[in-house]
Amino acid sequence: MLNAADFVRFYSEIYDVAPFPWQADLVERVLGEGLWPDLIDVPTGLGKTAVIDIAVFIAAATAHKAGANRLGRRRVFFVVDRRIVVDEAHTRAAFLAAGLETAPKDSVTHQVALGLRSLAPHMDQPLAVPPSLPRSPGNREVLRVTRMRGGVTWDASWLDRPDVPGIVVGTVDQVGSRLLFRGYGVSDRRKPIDAALVGMDSLILVDEAHLVEAMTTTLVAAQLRDPGDAGVPKAKVVELTATPGRVSSRTYLFDVDAHRRSDVAWRRLNAAKRLSLVQSNSKEVVDALATEAVNAVADGLDTVLVVCNTVDRARHVHDVLCKATATKREPLDATVDLLIGRSRPADRDLLVKRLLARFGIERPRTDLRSAILVATQTVEVGANLDVDALVTESAPWDALVQRLGRVNRLGNGAGGSRAVVVHDDADSAVYGAARSVTWDLLSELAGSSSIDVSPLACRALAGRIPEAARSQRPGVPLLGIPTLDGWTRTAPIPMPDAPIPFYLHGIDRNVATVSIAWRDGLLVEDPMGADTERSDTEIDADLSLLPVLAVEQVEVPLHAARRWLAGDAPTPVSDLEDDTETAVRDCSTSEPFRALVWRSNEDQGARGRRVANGAWVWINAEAIRPGDALVVPTERGGLDQYGWAPTSRAPVLDVAEAVRFGPDAGAGIPRGRLRFDAGTGSRLALEPEGRVQVTRCLRALESGEASVEEPVGAVLANALRSLLAKPDAPAREERLAGTAWTGEALERLAGWLPRTVLRDVPVFPELITTTTDRFMLVAAQSGDTAIDRDDEQPECSSMGPAPVSLRAH
C-alpha cells in the first residue's frame, strides 16, 4: 500500500529529480489529516503545477477506500484563466500519463498505476495508442489526459465512463459552466452528464485563484448546498496562488526555512533582481517603455520582456521597437516579437513554440542575438518564461508579482537582472485606482534607489501591501437554492434562466464576448470590380461540409466586434477576462461590412428560410449578440500574425484546412477536408506546374466529364511531393510563406490525398448533388460527407445544420 514516503520515489522516477520540500510535505499533510487545503500559497517559480502529480498520487494511495469519504479523486481539473495557455500543464500531465504506462514492475510508479487502474476494474477495452509508447497489446490506459481551451475541443471520448481516472486542463468558462449544468457548446441532454463528471469525485485546482475569485466563490457556495449523499466524494476546490489576499486555517503556508536545504529552491527564492521606477505621461509612455527595453539590450541583457496593460499599447510599443531595428543610423540589434492572448490558437501555438525556444526556461544558454518580447497580461499565468530584464507598465501589486516572476525565474542570473516599472498619470480603465495606489507605495519604498524584488523579498513586502493596491475583487451574486435548482433543470431549460457569466466572472465585469473566424470564398467579384456577398444557400453548403473549428477563432469583446463591423474607430482592449469598454471618439475609419452567424429557424423569424434546424445568415454590427460565433471574409482584414488587429486591412490567412492536418489531428486525419476550387493552388502555394494541373482538372470537372485522366487526390499529392522535395521546402514546424500550411501539415496532407474521393459541394436544403465549380475532397473510407463537428460551436450540437449519418453520430 502506498504511503506519503513513497511520493519522493514516485516523483523522482517520473521526472528524474527530487520534489521540492513543500511538495513532499503537502502529500504528507493531506494524507495525514485526511483533508485537502482550501488554498495553497507557494511563490512563483516553485512548481505549483506539481499539484497535479500530488493529486494523482493521492488518488492512487487512497483508491482502496470506498464511499464518499475517499480523499483522492478520479478526475483532476487544472483551471487556468488566461486565453493563451502554452499547454505546459497539459504537457506535464501527458508526460505523467506516459510514465505511468511504461513504468517498470518493480517501481513505485507501477504501484501508482495499479492503484489508478483499480478505480476502473471493469474497463478492459483495448486502446489504440501512438507507436511512440511501448505498450503491450491489450494493455489498458492508466490515466486519460485532455484539455479544454479555445482551439482544442472538449474531448468527449474520455468521458464515456465515470470510473476512469483523468486529468483535464481547462478554462474558467469551460469547467465552471459544465459544473453549473450550463456547459458552453454542450447539448441540453449532455449538460447533466458533464455536471456530474465535473461536480462529483473531482479535484478542481484553480491556478492563480486571485484572478478568478468569482468562480471559486460560486463553486464553494454550490458545494455548501450539495447534500453529498451520492456515495462518491464531492468536488473539492483547491486554490493555488503566489499572492494570496487572504489566509485561513485551511491554507497551506509555504515554509521558507524548510527549503534552505534545497539548493535549487533556495536559489530561486533568492533570485537576484532589482526594481526601479520611471515616471512618464500618457503621451510619452509608449516611447518610455521602448526606451527602457533598448537600454536593457545596450547594457548586455540578452532577453527583455515588455508587459503592457492593453493590446493596443503593446502593439504601439512593438511598432516603435520594430522601427528601431530598421533605422539606418545605430539600429537596434535585437529580434522583436509580440505576444497577445486575443489570437487564433492556429497562429498562437506556432508563435509560442518559437518564443519558448528563445525565452523559455529550458532554452539553450548560448550566445545568441538579443531578443525583446512585447506582451500583455497573458504572460502572467502559464507562460514559463525566464528573461534577463522586465519593463512593465504600472499595475496592481498582485499583477506585478506575477510579472516579476518571469525575471531570472530559475535564479541563474549573475546579479544583473533588472525590472523597470513605467507609470503614467492617466486614469486606467483596466485596473482602476489599484494601479496608482501600488505606484505610490513603490515610490515610497524606493525613494531614490531601487527595490529588492526577489521572491523572498516580495513575500516580505506582501504584509505591507494594502488591500487597495490589489486587483479589484469582483462582486459575485449570491448563489441561492432556487437558482441552483433552476440550473439543474436542463430539459427544457426554464425561463427565465439565471445567466452563468455573472457567477463565473462577477456582476461588475464586462464578459460579453464573441468569437471570430475568417474564411476565403465568402465574397465574389462582380463585373464592376466590387466584392459582393455569396448567397446564404451556397454559404450553408460550404460551412456545413467544412465547419468552423475553435482553433480558427479569436475571442474579442462584444463592443470591439461591433465597432469593427460598423467601421468605427477601434477601442483599446486588454487580455483580461473582464475587459472594460473605453470611451473613444465615435468616428468612421472604414466602410461597414457584414459577417456570417448561425441562426436557428426561430431566430430567423420572417426570413422564411428553414434549412434543417437553422442556417448561416449575413448580419450587420447591430445584430451581433453575446456569444455569437462570427465568420468573416478574409478580405476584410482584422487579424495579423500576432492576433486581433482591427485596423489591419491586409487579407487574413484561411486556416480551415491546415488545422485539420496539424499535430492534434491524429494519424488517421479523421477531420480531413480539402476544398478543390480555383483557389486551391494558391492556398497550397503549389509550383506553376502543379497549378496548371489543378486548373486542368477543374476544367474537366466543370465540363461535366465523368472522370479525369488521374484522380484529383493523386494529382495534388504529386504536386505537394514536388514542393516538399525542393531544397527550400518549408520546415516541419514553420509555415510556408503566404500560406497557413506548415511543412508537417503538408506532409500529412500529401499522405492523405491518395485515399480520398471528390465530392460536389451540395446545395441545401434540397440536398441535391449538383455539378459546380466547388468540390470537396474527403476520406474515401468514410463513405459519405459526414459533417465534421466541434462541440464548442453552437451549430454542432445534437441539432446540426444537416442530416448526420448513423456512423458519424
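Look up a bit, the structure's there.
This is a predicted model, so every value here is computed, not measured.

Before going further, it helps to examine the overall build of the chain. Counting its regular elements, the chain contains 24 helices and 26 strands. In the chain, buried positions account for 56% of the 809 residues. Pairs at least 24 residues apart make up 73% of the contacts formed inside the chain by residues separated by at least 6 positions. Counting every atom, the chain has about 33,800 Å² of accessible surface; 52% of that belongs to carbon and sulfur.

Spatially, β24-β26-β25 is the arrangement adopted by the three strands of the open sheet, whose pairing is antiparallel. Only two strands of the sheet have a single neighbouring strand rather than two, namely β24 (674-676) and β25 (756-760). Neighbour-to-neighbour, the strand axes of the sheet open up by a mean angle of 35°, direction not taken into account. Two strands pair when backbone bridges link them, and β25 and strand β26 (residues 775-779) are joined in this way by five bridges, in the antiparallel orientation.

Turning our attention to the side chain of Asn 408. By the element assignment, Asn 408 lies in the loop between α13 (397-404) and β13 (418-423). Of note is the side chain of Asn 408, whose polar atom sits 3.1 Å from the backbone nitrogen of Asn 412. Sequence-distant contacts of Asn 408, that is, excluding residues within four places in its chain, are made with Ala 271, Ala 272, Lys 273, Asp 386, Val 387, Gly 413 and Ser 417.

This brings us to the nonpolar core. Residues Val 304, Val 306, Leu 321, Ile 372, Val 374 and Ile 516 are the most contacted members of the largest nonpolar core, which totals 86 residues. Here the element with the most residues in this core is helix α10 (residues 285-298); it accounts for eight residues. Once residues lying within four places of it in the same chain are set aside, the contact partners of Val 306 are Leu 289, Ala 293, Val 317, Ile 372, Leu 373, Val 374, Ala 375 and Val 391. Ranked by size, the runner-up nonpolar core spans 55 residues in total, among them Leu 26, Val 27, Ala 93 and Ala 113.

At a closest axis distance of 9 Å, the pairing of helix α1 (residues 6-15) and helix α2 (residues 21-33) adopts a crossing angle of 135°. Our classification of the angle between α1 and α2 gives oblique. In terms of crossing hand, the pair formed by α1 and α2 is right-handed. Contact residues: α1 offers Phe 7, Val 8 and Tyr 11, while α2 offers Gln 23, Ala 24 and Val 27. A class-by-class count of the residues in the contact of α1 with α2 yields five nonpolar, one polar and no charged.

The next point concerns the pattern of salt bridges. Under the counting rule described, the total for this entry stands at 35 salt bridges. Note that Arg 735 and Asp 347 form a salt bridge whose closest N and O atoms lie 2.8 Å from each other. With a gap of 388 residues between them, Arg 735 in the loop between α23 (712-724) and α24 (743-752) and Asp 347 in helix α12 (residues 345-359) connect regions that are remote in the sequence. Looking at Arg 735, the relative accessible area reads 26%, which means it is partly exposed. Through salt bridges with shared partners, one network takes in Asp 654, Glu 657, Arg 675, Asp 677 and Arg 683.

With the rule as written, the count across this model stands at 13 aromatic pairs. On the basis of an interplanar angle of 80° and a centroid distance of 5.0 Å, the ring pair of Trp 564 and Phe 593 is categorised as edge-to-face. Highlighted residues: Trp 564 in helix α19 (residues 558-566) and Phe 593 in the loop between α19 and β19 (595-600), separated in sequence by 29 residues. Judged by centre distance (6.1 Å) and plane angle (75°), the rings of Trp 598 and Trp 616 are edge-to-face. In this pair, Trp 598 sits in strand β19 while Trp 616 sits in strand β20 (residues 614-619), placing the two residues 18 residues apart along the sequence.

What follows is about the pairing of strand β5 (residues 202-207). For β5, the buried fraction is high: six of the six residues fall into the buried class. Both strand β2 (residues 75-79) and β5 contribute to a ladder of five bridges, which runs parallel. Bridge pairing in β5 places Arg 75 opposite Ser 202. Pairing of β5 with strand β6 (residues 236-241) involves five bridges; the strand directions are parallel. Each residue of the ladder has a partner; that of Ile 204, found in β6, is Val 237.

This brings us to α23. Under the 1.5 Å per step criterion, the end-to-end length of α23 is 18 Å for 13 residues, consistent within 8% with the ideal 18 Å. When α23 is considered as a whole, its buried residues turn out to be Val 712, Gly 713, Ala 714, Val 715, Leu 716, Ala 717, Ala 719, Leu 720 and Leu 723. Looking at the buried positions of α23, the neighbouring elements they touch are β24, α21 (680-683), α22 (688-702), α24, β25 and β26.

To continue, consider the pairing of strand β15 (residues 513-519). Most of β15 is tucked away, with seven of its seven residues classed as buried. Here β15 shows a buried face lined by Thr 513, Ser 515, Ala 517 and Arg 519 and a second buried face lined by Val 514, Ile 516 and Trp 518. Relative to strand β18 (residues 554-557), β15 is paired through four bridges, and the arrangement is antiparallel. Counted as the bridge partner of Ser 515 is Glu 555 from β18. In this structure, β15 lies alongside strand β21 (residues 629-633), joined through five bridges in parallel fashion. The residue bridging Arg 519 from the neighbouring strand is Pro 633, located in β21.

Cut-offs applied
Residues numbered from 1 in each chain as written. Predicted model: local features only at pLDDT ≥ 70, side-chain atom pairs only at ≥ 80, totals over all residues. Heavy atoms only, no water. Helix = DSSP H or I, 4+ residues; strand = E, 2+ residues; numbered from the N terminus. Buried < 20%, exposed > 50% of the residue type's maximum accessible area, 1.4 Å probe, protein only. Contact = heavy atoms within 4.5 Å. Areas by Shrake-Rupley, 256 points an atom, 1.4 Å probe, with all protein chains shown as cover. Pairing = 2+ DSSP bridges. Axes fitted to C-alpha atoms, helices over the stretch in contact; angles between N-to-C directions. Polar contact = N/O pair within 3.5 Å; in protein donor to acceptor, adjacent residues only side chain to side chain. Core = buried A, V, L, I, M, F, W, Y, C linked by side-chain atoms within 4.5 Å. Parallel < 35°, antiparallel > 145°, perpendicular 65-115°, else oblique. Left-handed = near helix turned anticlockwise from the far one by under 90°. Nonpolar A, V, L, I, M, F, W, Y, C, P; charged D, E, K, R; others polar. Salt bridge = Lys/Arg side-chain N within 4 Å of Asp/Glu carboxyl O. Phe/Tyr/Trp six-rings, centres within 6.5 Å; stacked < 30°, edge-to-face > 60°. Expected span 1.5 Å × (residues − 1).

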